[in-house]
Amino acid sequence: MRCLLLLLLGLLVPHQSCCFEFVIDGEWEEDVTGAQTHQDHRARHKRATLTGEEQEEYEVVSGEDITVRSYKVESRITSRFAHVTVRSSVVNSGSKAQSIAFNVQIPKRAFISNFTMNVNGIIFVGSVKEKTHARNLYAQARSENKAAGIVRANSQDLETFKTEVHVPPGSNIEFELHYQEMMERKLGFYEHFLYLQPGRLVPHFQVDVYIYEPNGIAFVETPNTLGAQFADFVKVTSTEDKAHVVFKPTLQQQRKCDNCTSSAIDGVFSVKYDVNRDSNAGELQVSDNHFILFFAPSNLSPLPKNIVFVIDVSGSMWGVKMKQTVAAMKAILDDLTAKDNFNIIDFNHNVRCWNEDLVPGTIIQTADAKRYIEDIKPNGGTNINEALMRAVQMLTRASRQSFINSRSVSMIILVSDGDPTVGEIKLSAIQKNVRRAMREDFSLFSVGIGFDVDYDFLERISMENRGMAQRIYANHDAAEQLRAFYSQVSSPLMRKIAIQFPDDSVADVTRDRFDMYFSGSELVVAGRVLPSETNTLTSFTTAAAANLDLTLQIDADTTELDKELAEQQHSFTGFARQMWAYLTIKQLIGERSLATTAAKKRKITQRIETLSLEHQFVTPLTALLVEGDNERLLADSPRDPKHGCCSGASTHTGLPPVNMVYATPPPLPPWVALPTVTSDQEEIKIGPVETISNLNRGVNRVDDDPHFIIHLPGRDMDVCFNIDSKPGHILNVLSDAGTGVAVNGQLIGSKMAHKGKLSTYFGVISVYYQPEGFSVTVSTDRITTTDGRNNNSFTWGATAEITQDGVRISIVKNDQVTITINDRIQVMVLLHRVWKKHPVNVDFLGIYLPNDNQYSPLVHGLIGQFSQEPDVRVYDIHEGADPLKPEATMEVKSNILHVTRGWQKDYRLNKKHGSNVYCWFIHNSGKGFIDGHYSDYIVPDLSSFLQLP
């Protein structure tokens, strides 16, 4: 099943091969018809199926004599939309070169958005490309023996992403995979699954799930899915609208037994939650010029239902499959009420009806039906077409005879484990027959048992007839799986639901008409919000409930959520836009499979391709091109199943360079990373400090005019000073010749003087890494990188992550950029936007450097010099001229200074108003507190190091 291509990477292993296996979905290449379509489809399905043996061999990281240093999974869920990042760090601790594999199981519904890999310092960065373009680039590299192939493996509801790299002994490899998916509400809650099968003990193993729901979280639960021994190791902290779930077992806690060397972590890590709902009108959220409407009414009487169960009893159902189906059907029949009508059709090569017509779901009728199904003995072939046509005829007759309630819901539930072998066996013909016979008021739901069934066919025929499909696996809990599926559709609360918006208020709206709404589920509609003179968006929902026709209205402020997200800073940028794209692409994929003409299919295909590229989703029409230093790897699917997984493409030259920007989540949310701390005794005594929000102050920062705030951890004290320099001057913030890092900021002036003073701010900040000659220059307009040979420029308008030469640049759209050097030194630059027409103020930047940065003893600069905390003594604290600003004497570096206690701002949590920091203020541009005069820190250019005396 698996296909491996060789990748020659001289940078990794000279004269040896490097092997990759990527697993990215992609099923469409060209349209074929007739028997060939069916043959190819079945071939694809069988190749995609993992055998039980292969599933047992699965582990996240595999290889002999390897050390897995860390395995971390981080999931951020914002308004039901999840961005998951999986990271692992591995070392080849063996004595010879070998292949090391990285495997991640992800839900089928998810879209991979990126993959990066660091192999001995060589960075491979992924970007989503149109398939043809990606393959041309791939073929160009392959002609130079620098290429890789892919294949996708399916396991139940999962896809397995596989990467394999051949490396020499002692190699360090870091893997990072990103994917996104929308949470589906079923049976009254959302359940987020993370698949954890490390296969070995991991020193640093951690799972973090962050949830934010604007309307509030009703509950959060973590079912004990990994085993009883881990029940106490899952920690949940939550507030009204946020939750953090962390699973961080130690090495000893991971063991199967006290002296075992194998890991007990093997299974699904699950988080269940639901949200608060104010009314049945739904929840309308507007963010980033997109809206999401969540519709999940409750507390309504169920509609009566009419169900025809169509059960496959062919020979392949003999044994466990039939036994489990009978057990499930008996439980399902117990759920029926006298208001419901039902019947049972069983089929093999023949078709039999338990009753000629629908009958009420009374105790007597359901008991007789149970006896009927218990007596079924599977044998013979499979005549799906005739069985479905008989079911449609039964519902049609009951409707015409007015036997069923006009407000009831009519459905067919098909249970089968194989392809048709008797009667009409052409799938497209069966699909066409059912579509023609079904009435608009009927729905078809399909259950495919096992891997032999053509599930794609069941999914198409259900979707086309207002239903859905579910795969059931023939194992010990198959009966429970079947009952759970039925539970999702057993309680319809509404039908004929239409969601509308005023004219010219929205565009590009996803599906907004629904045949049914089932209790415990959720309908989701998304679209773009058009410019308007009002800040209010209104939706109208009409639906039919039991004995009721409803019109529901809900309003949403189009600016409120964005303001809230900006203050919380816990959500990845543009979640609403990504969610709209996700829903639209999923909908288009369904429409494409049902397109009746080639022209319609081409139009839909083009739309899917455009959205996939714009939003960086790996879909069947796109490929993930992974590039490193002159190396290109293609994560793509087989071009033609008949040709295996290693099909090539013609060489194409003269192609434009690949952009390295890709979507990535932001840093940890401040509500997790920045807890508040209590004020010290001295602050309580002096001034109204109870109104001050004290942040975790293990950070040195420069912001505003520019105000320097130095945190002295030994004294738990903040000391502030301003630098009164001139526009154009470049100030050295950090200079470390030992690590080769310099941080400099260039001053800009306000548009005009205010109250006789021209304010200055940092308008440009440069981080220079001398060993690689690499610099990152951040301005209020863009972020530019250069290594002396290549210049790259990125706007503030997109979230991105760029890695080069040991430097990682993480950009959060219109908010901040974090530069990380060798995982030892971090510099965060905060962007401050002001009203463009403001008569005085200008856009400017702030700098934040954590105290735990790992500098060398040679570090200096306006902030760098305080990496070694000076001895500071404050005494003679007394009331000053301003009662709110006490005064004192400070002794530092043999200098006696007169200082004033006051407030400065930290803007990490609130960019508009900032959070107050109470500090001792040093006058005269920090004289006596900093070494020398502030003019000593003026350097000639943005890449300069400070010249120490």
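Residues numbered from 1 in each chain as written. Predicted model: local features only at pLDDT ≥ 70, side-chain atom pairs only at ≥ 80, totals over all residues. Heavy atoms only, no water.

## Topic: the overall build of the protein
Then step 1. What the protein contains, in helices and strands, is 16 helices and 54 strands.
Then step 2. Looking at the protein as a whole, 57% of its 949 residues are labelled buried.
Then step 3. A total of about 39,700 Å² of accessible surface is found on the protein, and carbon and sulfur atoms cover 48% of it. (Helix = DSSP H or I, 4+ residues; strand = E, 2+ residues; numbered from the N terminus. Buried < 20%, exposed > 50% of the residue type's maximum accessible area, 1.4 Å probe, protein only. Areas by Shrake-Rupley, 256 points an atom, 1.4 Å probe, with all protein chains shown as cover.)

## Section: the state of the cysteines
Then step 1. Following the criterion strictly, the structure yields two disulfides and no others.
Then step 2. Disulfide pairing is shown between C257 and C260; the S-S distance is 1.7 Å. Across the disulfide from C257 to C260, rotation about the S-S bond amounts to roughly 95 degrees, and the bridge is consequently right-handed.
Then step 3. Overall, C257 belongs to the partly exposed group, its relative accessible area being 35%.
Then step 4. Of the residues examined, C260 reaches a relative accessible area of 18% and is grouped as buried.
Then step 5. Here C720 connects covalently by a disulfide to C919, the sulfurs 1.8 Å from one another. Residues C720 and C919 are joined by a disulfide whose S-S torsion is about -125 degrees; by sign, that bridge is left-handed. Linking C720 in strand β39 (residues 717-722) with C919 in strand β54 (residues 915-922), this pair joins segments that are 199 residues apart in sequence. Each member of the pair, C720 as well as C919, carries the same accessibility label: buried. (Disulfide = S-S within 2.5 Å.)

## So, the packing of helix α12 (residues 575-594) against helix α13 (residues 598-614)
Then step 1. Put simply, α12 and α13 touch, their axes get as near as 10 Å, and they point 155 degrees apart. Considering the angle they form, α12 stands roughly antiparallel to α13. Handedness of the α12/α13 crossing: left-handed. Between α12 and α13, the contacting residues are R577, W580, T584, I585, L588, I589, E591 and R592 on the first element and K601, I604, T605, R607, I608, L611, S612 and E614 on the second.
Then step 2. Across the contact of α12 with α13, the residue classes tally to seven nonpolar, three polar and six charged. (Axes fitted to C-alpha atoms, helices over the stretch in contact; angles between N-to-C directions. Parallel < 35°, antiparallel > 145°, perpendicular 65-115°, else oblique. Left-handed = near helix turned anticlockwise from the far one by under 90°. Contact = heavy atoms within 4.5 Å. Nonpolar A, V, L, I, M, F, W, Y, C, P; charged D, E, K, R; others polar.)

## Quick notes on the nonpolar core
Then step 1. One finds F762, V778, I809, I819, M890 and F929 to be the most contacted residues of the largest nonpolar core, which totals 58 residues.
Then step 2. Ranked by size, the runner-up nonpolar core spans 56 residues in total, among them F115, V165, L226 and V234. (Core = buried A, V, L, I, M, F, W, Y, C linked by side-chain atoms within 4.5 Å.)

## Describing the environment of D208
Then step 1. Residue placement: D208 occurs in strand β15 (residues 204-212).
Then step 2. Under the relative-accessibility criterion, D208 is labelled buried at 9%.
Then step 3. Taking C-alpha positions, D208 is 9.9 Å from T85, a pair spaced 123 residues apart along the chain.

## Some remarks on the sheet that holds strand β16 (residues 217-221)
Then step 1. Spatially, β13-β14-β19-β16 is the arrangement adopted by the four strands of the open sheet, whose pairing is antiparallel. At either margin of the open sheet sits one strand with a lone partner, and together these are β13 (185-186) and β16.
Then step 2. By the bridge criterion, seven bridges tie strand β14 (residues 189-196) to strand β19 (residues 267-275) in an arrangement that is antiparallel. Residue pairing for β19: E191 is matched across the bridge by K272. (Pairing = 2+ DSSP bridges.)

## Considering the confidence of the model for the protein
Then step 1. Here the protein shows a mean pLDDT of 81. Residues at 70 or above account for 82%.
Then step 2. Of the regions scoring below 50 in pLDDT, residues 1-56 engages in 159 contacts with residues more than four places distant in sequence or in other chains.
Then step 3. Segment residues 145-156: pLDDT under 50, and 68 contacts once partners within four positions in sequence are set aside and those in other chains are kept. (pLDDT = per-residue confidence, 0-100.)

## Looking at the sheet that holds strand β20 (residues 283-287)
Then step 1. As summarised here, the arrangement of the four strands in space is β20-β21-β32-β30, forming an open sheet in which the pairing is antiparallel. With partners counted over all chains shown, the strands left at the sheet margins are β20 and β30 (506-507), one partner each.
Then step 2. Of the strand pairs in this sheet, strand β21 (residues 290-295) and strand β32 (residues 523-529) are connected by six bridges, and their pairing is antiparallel. Residue I292 lies in a different strand from β32, and its bridge partner there is A526.

## With respect to the side chain of K305
Then step 1. By the element assignment, K305 lies in strand β22 (residues 305-312).
Then step 2. Overall, the relative accessible area of 5% leaves K305 in the buried class.
Then step 3. A polar side-chain atom of K305 sits 2.9 Å from the main-chain carbonyl oxygen of S490.
Then step 4. K305 has contacts with D335, L336, D340, N341, V409, Y486, S490 and P492, leaving out every residue within four places of it along the chain. (Polar contact = N/O pair within 3.5 Å; in protein donor to acceptor, adjacent residues only side chain to side chain.)

## Here's the deal with helix α5 (residues 320-335)
Then step 1. The terminal C-alpha atoms of α5 lie 23 Å apart, and with 16 residues this matches the ideal 22 Å at 1.5 Å per residue to within 8%.
Then step 2. Tucked inside the fold, the buried residues of α5 contact β22, β23 (341-347), α6 (363-374), β26 (409-416), β27 (442-449) and α10 (478-489). (Expected span 1.5 Å × (residues − 1).)

## So, the pattern of salt bridges
Then step 1. Considering all chains together, one arrives at 32 salt bridges under this definition.
Then step 2. In this structure, D441 engages K496 in a salt bridge whose closest nitrogen and oxygen atoms are separated by 3.4 Å. Highlighted residues: D441 in the loop between α8 (427-437) and β27 and K496 in strand β29 (residues 492-500), separated in sequence by 55 residues.
Then step 3. Judged by its relative accessible area of 34%, D441 falls in the partly exposed class.
Then step 4. A single network of salt bridges, built from pairs that share partners, joins R80, R185, E213, D274, R277, E283 and E522. (Salt bridge = Lys/Arg side-chain N within 4 Å of Asp/Glu carboxyl O.)

## Describing the environment of T78
Then step 1. You can see T78 is positioned in strand β4 (residues 66-78).
Then step 2. Take T78: its relative accessible area is 1%, and that puts it in the buried class.
Then step 3. Considering only alpha carbons, one finds T78 and M579, 501 residues apart in sequence, at a separation of 10.0 Å.

## Structural notes on the pairing of strand β37 (residues 699-703)
Along a regular strand, successive side chains alternate from one face of the sheet to the other.
Then step 1. Extensive coverage of β37 is indicated by the burial of five of its five residues.
Then step 2. Burial of β37 is two-sided: the residues V699, R701 and D703 facing one way and the residues N700 and V702 facing the other way are all buried.
Then step 3. Pairing analysis gives four bridges linking β37 to strand β50 (residues 844-850), with the strands arranged antiparallel. Bridging across to β50, V699 finds its partner in P850.
Then step 4. Across three bridges, β37 lies against strand β38 (residues 707-712) in antiparallel orientation. Opposite R701, over in β38, you have I709 as the bridge partner.

## Examining the packing of aromatic side chains
Then step 1. Inspection of the entire model under this criterion finds 23 aromatic pairs.
Then step 2. Centre to centre, the rings of F342 and W354 are 5.2 Å apart; their planes meet at 20 degrees, and the pair counts as stacked. In this pair, F342 is assigned in strand β23 and W354 in the loop between β24 (351-353) and β25 (359-360), connecting sequence segments twelve residues apart.
Then step 3. Classification of W354 by relative accessible area gives buried; the value is 12%.
Then step 4. Between W903 and Y918, the ring centres sit 5.5 Å apart and the planes meet at 35 degrees, which makes this aromatic pair tilted. (Phe/Tyr/Trp six-rings, centres within 6.5 Å; stacked < 30°, edge-to-face > 60°.)

## Remarks on α10
Then step 1. With twelve residues, α10 extends 17 Å from end C-alpha to end C-alpha; this agrees with the ideal 16 Å at 1.5 Å per step.
Then step 2. Buried within α10 we find A478, A479, Q481, L482, F485, Y486, Q488 and V489.

## Concerning unusual backbone geometry
Then step 1. The phi dihedral of S79 is positive, around 50 degrees, even though this residue is not glycine.
Then step 2. With respect to the helices and strands, the residue S79 is situated in the loop between β4 and β5 (81-92).
Then step 3. Under the relative-accessibility criterion, S79 is labelled buried at 0%.
Then step 4. Of note in the backbone geometry, K496 takes a positive phi value of approximately 55 degrees without being a glycine.

## Structural notes on the side chain of E213
Then step 1. Checked against the element boundaries, E213 lands in the loop between β15 and β16.
Then step 2. In this structure the side chain of E213 is engaged in a polar contact, spanning 2.8 Å, whose partner is the side chain of Y273.
Then step 3. Those residues in contact with E213 that lie beyond four places of it in its chain are S79, R80, D241, Y273 and V275.

## Thoughts on the packing of α5 against α10
For any two helices packed against each other, the geometry comes down to the angle between their axes and how far apart the axes lie.
Then step 1. Interhelical geometry of α5 versus α10 gives an angle of 35 degrees and a closest axis separation of 8 Å. Once α5 is placed against α10, the crossing between them reads as right-handed. Contacts between α5 and α10 involve Q324, T325, A327, A328, A331, I332 and D335 from the former and A478, A479, L482, R483 and Y486 from the latter.
Then step 2. Among the residues forming the contact of α5 with α10, the class breakdown is eight nonpolar, two polar and two charged.

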